[in-house]
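# Architecture at a glance
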Amino acid sequence: MAKPKVLVTRRWPVAVEEKMAEVFDLTINRDDRPLAQSDLTAALADYDAVLPTVTDRLPAPVFDLPRARTKILANYGVGFSHIDTEAARAHGIAITNTPDVLSECTADIAMTLMLMVARRAGEGERELRAGQWTGWRPTHLIGTKVSGATLGIVGFGRIGQAMAQRARHGFGMRVLVYNRSPVAPEILARYDAEQVPVLDELLPQCDFVSLHCPGGAENRHLINARRLDLMKPTGFLINTARGEVVDEHALAKALWFDTIGGAALDVFEREPQISDELMGADNLVMLPHLGSATRETREAMGLRVLDNLTDFFAGRPPRDRVA
Ligand code: DGY
């Protein structure tokens, strides 16, 4: 039987590319530049499986073709708000993602960001590299203590829980949780956490708010000007979820006018573009979407895609089917 024809839209860890090539008739986008929407439409006509990432935008118009050959979009990443799931469904295309394997590393980067912004690590490094450090003094770059502070976690799935684990058991933080559905008491008990039913009630109580909810239309601008105003004037916002969850313009205003203490972002509304108003904010730490960027995790993500594809083409339900 002919091997399924599979398109990998970006470069992946070589070890995974090699394994994939043994099993599938594999095409890799060796230039490693994001594909244009017209390339993605052409791919849907030509390949049995397309393996996109967050840099591939697949809104409804991409699916505007008479007949798709593609049967599965096996996304490399847990978030899939870049894919119009309804449009895929209309062509009978299944969608899978790669949960679990990136939870720890994404929580690690959220923790990194929280510590960096609270302890002004970005500002300190910029000062030192600019040759402007004049030496130790009791009043230099005074930050905010993280240990023992109150952390609000928005979205209590696997990554939110990994964050709670670090915060509670590593830093003795008090953990408050906002989640759309009720969280089982035994899960909350693992982190001595308390669920707050309304986001607007959680925000004013927190020294740090860390976002771990999905992106997409339903959470677009969940954190807007009104909700930023509900945060403590000393509070910090951390976003490792999806850029669209935060209204960046409102955030920039809050940072410029010091109505919150600071923010730290790994994801942005228009990646990889960063607005000038964010670039100029000193009380902001920014990383280039590094949440899952460790060798171990990126390989595990690729292997998870391989498992999903193998099951799918063997006629078994892939474990990570999301649509
Ligand atoms: C994820 O897995 O969702 C990462 O943000 C990369 O897409």
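My aim in this report is to walk through the structure given alongside it, one point at a time. (Residues numbered from 1 in each chain as written. Predicted model: local features only at pLDDT ≥ 70, side-chain atom pairs only at ≥ 80, totals over all residues. Heavy atoms only, no water.)

## Let's talk about the site of the ligand
Near the ligand, the surroundings consist of Val 54, Gly 77, Val 78, Gly 79, Leu 102, Arg 242 and His 289. Residue Val 78 places a main-chain N or O atom 2.6 Å away from an oxygen atom belonging to the ligand. Notes on the ligand: free accessible area 230 Å², of which the protein chains cover 88%. (Near = heavy atom within 4 Å. Polar contact = N/O pair within 3.5 Å; in protein donor to acceptor, adjacent residues only side chain to side chain. Areas by Shrake-Rupley, 256 points an atom, 1.4 Å probe, with all protein chains shown as cover.)

## Focus: helix H2 (residues 37-46)
Note on helix geometry: an α-helix contains 3.6 residues per turn, so any two residues three or four positions apart are oriented the same way. Looking at H2, one finds that the buried residues are Leu 40, Thr 41, Ala 43 and Leu 44. Projected down its long axis, H2 shows its buried positions confined to an angular sector of 160°, all on one face. Buried residues along H2 sit in contact with strand S1 (5-8), strand S3 (49-51) and strand S4 (72-74). (Buried < 20%, exposed > 50% of the residue type's maximum accessible area, 1.4 Å probe, protein only. Helix = DSSP H or I, 4+ residues; strand = E, 2+ residues; numbered from the N terminus. Arc of directions from axis to C-beta. Contact = heavy atoms within 4.5 Å.)

## A few points about the pairing of strand S6 (residues 150-154)
Summarising burial for S6: five of the five residues are buried, a large majority. Residues Thr 150, Gly 152 and Val 154 of S6 are buried on one face, and the alternating residues Leu 151 and Ile 153, pointing to the opposite face, are buried as well. Strand direction decides the pairing type here: S6 and strand S7 (residues 174-178), joined by five bridges, are parallel. Across the sheet, residue Thr 150 finds its bridge partner in S7, namely Arg 174. Examined bridge by bridge, S6 and strand S9 (residues 208-211) share four bridges and lie parallel to one another. What sits directly across from Ile 153, in S9, is Ser 210. (Pairing = 2+ DSSP bridges.)

## Quick look at the packing of aromatic side chains
In total, this model carries five aromatic pairs according to the counting rule given. Here the aromatic cluster, defined as three or more aromatic residues joined through ring pairs, consists of Phe 24, Phe 312 and Phe 313. (Phe/Tyr/Trp six-rings, centres within 6.5 Å; stacked < 30°, edge-to-face > 60°.)

## What about helix H6 (residues 158-171)?
Over its 14 residues, H6 runs 19 Å from end to end, which matches the ideal 20 Å to within 8%, given 1.5 Å per residue. Those residues of H6 that sit buried are Ile 159, Gly 160, Gln 161, Ala 162, Met 163, Ala 164, Arg 166 and Ala 167. Turning to H6, the residues buried within the fold contact helix H4 (103-118), S6, S7, helix H7 (185-190) and S9. Once H6 ends, the next one or two residues include Gly 172, with phi positive near 60°. (Expected span 1.5 Å × (residues − 1).)

The analysis is restricted to geometry; functional conclusions fall outside its scope.
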